[in-house]
Each structure stands twice: as C-alpha cells, then as structure tokens.
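Architecture at a glance
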Amino acid sequence: MSLVAPSEPRAGDAAAAGGVSRRPRRRRPLRRLLLLALLAALGYGGWLALTWPDVAALAEENPTTTAFVQRARRAARRAERPEPRILWVPYAQISPHLKRAVLAAEDIGFFDH
C-alpha cells in the first residue's frame, strides 16, 4: 500500500512526471575545475614555448662559457687558485669510451631503448 496517490509523481522522479530530469548540480564545479586546470596547463605550455632558449646557434659555434665552468671559476676565485681554462676539442677527437660513459651517466638504460 502506497502513501502517495498514483497520479502524483514521487519526489525525485521527474521522468515519471513527464518532465526532464536534471543532472546533479555538483558537476558544474567539477567542469569549471577541469576547465581551469586545462587553461592552466595550456598557459604553462605557452610560457615554456616562449621562454625556452634557442639552441640553434650552438650548432654553428661553441658557447663562450657554461654553467659548470662559471661555477668552477667562482670556486677557484674564492680559493685563490687559477681559473680553469676552456679548450674546445672537436667531437671526432673525443674517445668513444668517454662518449659512452657520459651517456651512461645520464641514463643508465640509454643503450637499451
């Protein structure tokens, strides 16, 4: 036996009343949050694209210094030692063993993938 008259729709049963059921209102904040996250990711990607250094010039000429050399020079000045010198060597003159050692130090699985 039902306490509600058969002609009256039950609470929350909009489809039974011939109306259109609504989605819960909780999804709108979720959509806004996802949209905000997407916009933040796109903004960050755009910022990276605009601020990424152009390394095309390095294919033509060697850099005047590197961060590693600058750090070594500062340490030498503090310790009152002679500053390190930069001597660029053609790639062909570098030992193949040294080349592989550097790659292995960067990524131990480099030669496997």
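Starting from 1, residues in each chain are numbered consecutively following that chain's sequence as written. Residues qualify for local features only when their pLDDT is at least 70, as the model is predicted, and side-chain atom pairs are given and counted only at 80 or more; totals for whole chains, interfaces and linings, by contrast, use all residues. To get the side-chain values, take all heavy atoms of the structure and skip hydrogens and water.

1. Focus on the overall build of the protein chain
Only DSSP runs of H or I with at least four residues qualify as helices, and only runs of E with at least two residues qualify as strands; both kinds are numbered from the N terminus onward. Within the protein chain one finds 3 helices and 0 strands. Going residue by residue from the N terminus, the α and β elements of the protein chain occur as α-α-α. Think of it in three bands: with a 1.4 Å probe and only protein chains considered, a residue is buried below 20% of the maximum accessible area for its type, exposed above 50%, and partly exposed in between. Across the 113 residues of the protein chain, 3% fall into the buried class. Per-residue and other accessible areas were derived by the Shrake-Rupley procedure at a 1.4 Å probe size, with only the shown protein chains allowed to occlude residues. Total accessible area on the protein chain stands at roughly 11,200 Å², and carbon and sulfur atoms take up 61% of it.

2. Focus: unusual backbone geometry
Positive phi outside glycine occurs at Glu80, with the angle close to 55°. Within the secondary structure, Glu80 sits in the loop between helix H2 (67–78) and helix H3 (96–106). Residue class for Glu80 comes out exposed when judged on its relative accessible area of 75%.

3. A few points about the packing of aromatic side chains
Each aromatic pair joins two rings of Phe, Tyr and Trp (for Trp, the six-membered one) with centres within 6.5 Å, and gets the label stacked for planes under 30 degrees apart, edge-to-face for over 60, and tilted for any other angle. The tally for this structure, following the rule as stated, stands at 1 aromatic pair. Plain terms: the ring middles of Tyr44 and Trp47 are 6.0 Å apart, the flat faces sit at 25° to each other, and that makes the pair stacked. Of the two residues, Tyr44 and Trp47 both sit in helix H1 (residues 27–51), 3 residues apart, roughly one turn of that helix. To sit over a ring, a charge needs its Lys NZ or Arg CZ within 6 Å of the ring centre and within 35 degrees of the ring normal. One residue, Lys99, lies across the ring of Tyr91, its end atom 3.7 Å from the ring centre.

4. So, the pattern of salt bridges
Think of a salt bridge as a Lys or Arg side-chain nitrogen and an Asp or Glu carboxyl oxygen that are within 4 Å of each other. Considering all chains together, one arrives at 2 salt bridges under this definition. Linking Arg73 and Glu83 is a salt bridge whose minimum nitrogen-to-oxygen distance equals 3.9 Å. With Arg73 in helix H2 and Glu83 in the loop between H2 and H3, this pair connects stretches of sequence that are 10 residues apart. The class of Glu83 is partly exposed, set by a relative accessible area of 38%. The salt bridge partner of Glu83 is Arg77, with a shortest N-O separation of 2.7 Å. Taken together, the shared-partner salt bridges connect Arg73, Arg77 and Glu83 into one network.

5. Considering a nonpolar patch on the surface
Only residues above 30% relative accessible area that lack a salt bridge enter a patch, with like-charged residues linked at up to 9 Å and the nonpolar side chains Val, Leu, Ile, Met, Phe, Trp and Tyr linked at up to 5 Å. The grouping of Leu30, Leu33, Leu34 and Leu36 at the surface amounts to a nonpolar patch, some 420 Å² of accessible area in total. Here Leu34 lies in helix H1.

6. A few points about the confidence of the model for the protein chain
The quantity called pLDDT is the predictor's confidence in a given residue, expressed from 0 to 100. Scored by pLDDT, the protein chain has a mean of 80; 71% of the residues are at 70 or more. Ranking the helices and strands of the protein chain by mean pLDDT puts H2 first, with 92, and H3 last, with 88.

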